[in-house]
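Residue strings, one per chain:
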Amino acid sequence: MPPRRPRIVPDRSRAASDAGAASAPGAAGAPGAAGVAADLAASLTALRQSLELPDSYPADADDEARRAAREVRAEPGPGLADLQDITFVTIDPAGSTDLDQALHLERTSSGAVLHYAIADVPAFVAPGGPLDAETRRRGQTMYAPDGRIPLHPPVLGDDAASLLPGAPRRAFVWRFVLDEGARPVETTLVRGVVRSRAQWSYDEAQRAIDAGTAPPSLLALEWFGTQRAARERERGGASLTVPETRIEPDGAGGLRLERSYGVPLEDWNAHVSLLTGMAAAEIMLRGRVGVLRTMPPADADDVADFRAQTVALGLPWRLDVSYGDYLRGLDRSPAARAVKEYAAGLFRGAAYVAFDGEVPVHTDQAAIGAPYAHATAPLRRLVDRWVLVVCDALANDRPVPEWARTSLPELPALMARSSQKAAQLDAGAIDRVEAALLTPHLGEVFDGVVVSVRSGTARVQLDDRPVDAKVPGLEATPGEVVRVRVEAASIADGTVTLVPA
């Protein structure tokens, strides 16, 4: 699987770490907690404005969403199967309300049957209307420490279209009959009405699985995830497990950064989405119309450079070991952290490719090792709405709706633009929070690990604070433990200056 990107998530009620610095006492000459918090809030507002992110929904689009929430019914009928007897559950970060997916996984004597329900967003968005236009302008939900910028108005994204528990909801429902190796031997897709029974957070679901008290669907996910990881190895795919950077409330009115590998369930659940995305790509390629998420193979010279780096770091990648198996065998040592940093740069060039009639020459997502499409997050990502509609038509021998077919060529540019803004928002927010964390510690010395060295500049991750920064002139090698001093930190533009101690 591709590495997790940095995420800005709701507070998961974990104890505040030392990095919750907005409330830390000020160092000599540094602003106190209130000043740091005020400066950070102003800087985050300026970041939003510099990226021209919307702060509200246009009135006509909001009115359309409210009307759709009232008028679109979740009632079984022609073209809408009654699937409410299936005991679906959702698994998301704690506090989530925009629930795109619900699953039910049942083990059988020969494998399992997986039902995967995806929110029926197309039922609520009229093609060519003001809501459609605004979602195309936004492209995806953006997550910022000072508030989420949703793809859809909350009346839909957090309510009527969301797969919240206890109420009937419209959904596209994928059904996979799986063999003992979790390989799909039969795949169907229908539109229907579902009813989720429970909303689980990753942490609470993992605890229930570990205790053996989770419902059967959750207990079966370990088998599923293990088998799908084995299939990934067979395909030549590669999972890069790197810590995920999270910005969370610190419980005292400030923000903190956390780096976490998450819980095993997150990877098992990700394999459900990957399986669905691969099935969607297969349907669209067979039908010769759709939009894929592609990524070219790593460049041969880059692979050679990476192999040389692994030797220099004392963790050589042997010729008789596949790339994916090598990454899976790495531990969490400083040298391994540096290896993963270089590995993350091997796969570049991810893109959306739309097609109609002629299949693209390159169809694979190289890190996954198969053709792949985004199909499981329509509340939060624009392109998924098209993929679901196209797949539903093709899987059930119906014509692809004309609005979807004619607008396919627009999607790659729309998604590229929104993905660029999302990346800028993530990086800018993390930079500003890092600066806020270090502002009270000007002049102090910290231990860190060199994760990369390029053009004479080292990038160092601090040990006891989830901060990394470039250190020009530091003579060190990747994986080496070093000591650096905080010379400057600017919350306004998110810059941190570390120097060798």
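Residues numbered from 1 in each chain as written. Predicted model: local features only at pLDDT ≥ 70, side-chain atom pairs only at ≥ 80, totals over all residues. Heavy atoms only, no water.

> Outline the overall build of the protein chain, supporting the account with residue identities and numerical values.
The helix and strand tally for the protein chain stands at 14 helices and 21 strands. Computed over the C-alpha atoms, the radius of gyration of the protein chain is 23 Å, within 12% of the 23 Å expected from 2.2 N^0.38 for a compact globule of 501 residues. By principal-axis analysis of the C-alpha atoms, the protein chain measures approximately 70 × 60 × 50 Å. The buried share of the protein chain, taken over its 501 residues, is 53%. With the model as given, the accessible surface of the protein chain reaches about 20700 Å², and the carbon-plus-sulfur share is 52%. Mean positive and mean negative side-chain charge positions of the protein chain (54 and 67 charges, respectively) differ by 2 Å. (Helix = DSSP H or I, 4+ residues; strand = E, 2+ residues; numbered from the N terminus. Rg over C-alpha atoms; globule rule 2.2 N^0.38 Å. Buried < 20%, exposed > 50% of the residue type's maximum accessible area, 1.4 Å probe, protein only. Areas by Shrake-Rupley, 256 points an atom, 1.4 Å probe, with all protein chains shown as cover. Lys, Arg positive; Asp, Glu negative; His and termini not counted. Charge placed at Lys NZ, Arg CZ, Asp CG, Glu CD.)

> Summarise the pattern of salt bridges; cite the residues concerned and give the values.
Under the counting rule described, the total for this entry stands at 28 salt bridges. Note that R148 and D98 form a salt bridge whose closest N and O atoms lie 3.2 Å from each other. You can see R148 sitting in strand β7 (residues 147-149) and its partner D98 sitting in the loop between β3 (88-92) and β4 (101-108), a full 50 residues away along the chain. A salt bridge links R137 to E134; the shortest N-O distance between them is 2.8 Å. On the criterion of helical spacing, the pair formed by R137 and E134 is a turn pair, its members being three residues apart in helix α3 (residues 130-138). One salt-bridge network, in which partners are shared between bridges, spans D132, R136, R385 and E410. (Salt bridge = Lys/Arg side-chain N within 4 Å of Asp/Glu carboxyl O.)

> With reference to specific residues and values, describe the packing of helix α5 (residues 202-211) against helix α8 (residues 264-287).
At a closest axis distance of 9 Å, the pairing of α5 and α8 adopts a crossing angle of 100°. Between α5 and α8, the angle is such that the two are roughly perpendicular. Residues Y202, A205, Q206 and I209 of α5 lie in contact with α8, whose contacting residues are P264, L265, E266, W268 and N269. Considered class by class, the residues forming the contact of α5 with α8 number six nonpolar, two polar and one charged. (Axes fitted to C-alpha atoms, helices over the stretch in contact; angles between N-to-C directions. Parallel < 35°, antiparallel > 145°, perpendicular 65-115°, else oblique. Contact = heavy atoms within 4.5 Å. Nonpolar A, V, L, I, M, F, W, Y, C, P; charged D, E, K, R; others polar.)

> A description of the packing of α8 against helix α12 (residues 383-395) should follow, citing residues and the corresponding values.
Taken N-terminus to C-terminus, the directions of α8 and α12 make an angle of 60°; their axes are 9 Å apart at the nearest point. As summarised for this structure, α8 and α12 are arranged oblique, according to the angle between their axes. As α8 packs across α12, the resulting crossing turns out to be left-handed. Residue-level inspection shows A280, I283, M284 and G287 of α8 in contact with α12, the latter providing V387, V390, C391, L394 and A395. Taken together, the residues of the contact of α8 with α12 break down into eight nonpolar, one polar and no charged. (Left-handed = near helix turned anticlockwise from the far one by under 90°.)

> Explain the packing of aromatic side chains residue by residue, including any values.
Where two aromatic rings form a pair, the distance of their centres and the angle of their planes describe that pair. Scanning the entire structure with this criterion turns up seven aromatic pairs. Between W386 and W403 the ring centres are 5.3 Å apart and the planes differ by 70°, which places this aromatic pair in the edge-to-face class. With W386 in helix α12 and W403 in helix α13 (residues 402-407), the pair connects residues that are 17 residues apart, well separated along the chain. Overall, W386 belongs to the buried group, its relative accessible area being 0%. An aromatic cluster of at least three residues, connected via ring pairs, comprises F306, W317, Y323 and Y326. (Phe/Tyr/Trp six-rings, centres within 6.5 Å; stacked < 30°, edge-to-face > 60°.)

> Pulling in residues and values, what's your account of the side chain of D98?
Here D98 falls in the buried class, since its relative accessible area comes to 10%. In this structure the side chain of D98 is engaged in a polar contact, spanning 3.2 Å, whose partner is the side chain of R148. Leave out the neighbours within four places in its chain, and D98 touches Y143, R148, G157, D158, S162, L379 and R380. (Polar contact = N/O pair within 3.5 Å; in protein donor to acceptor, adjacent residues only side chain to side chain.)

> Could you give an account of the environment of S490, with specific residues and numbers?
Here S490 lies in strand β20 (residues 481-490). Distance in space between the C-alpha atoms of S490 and L189 is 52 Å, their sequence separation being 301 residues. Within the structure, S490 has its side chain in polar contact with the side chain of D493 (distance 2.8 Å).

> Please give an account of helix α9 (residues 300-312) that cites residues and values.
The terminal C-alpha atoms of α9, which comprises 13 residues, lie 19 Å apart, in line with the 18 Å expected from a rise of 1.5 Å per residue. For α9, the capping residue at the N-terminal end is D299, with a side-chain oxygen 2.9 Å from the backbone nitrogen of D301. In the segment just after α9, G314 is the residue with positive phi, at about 80°. (Expected span 1.5 Å × (residues − 1).)

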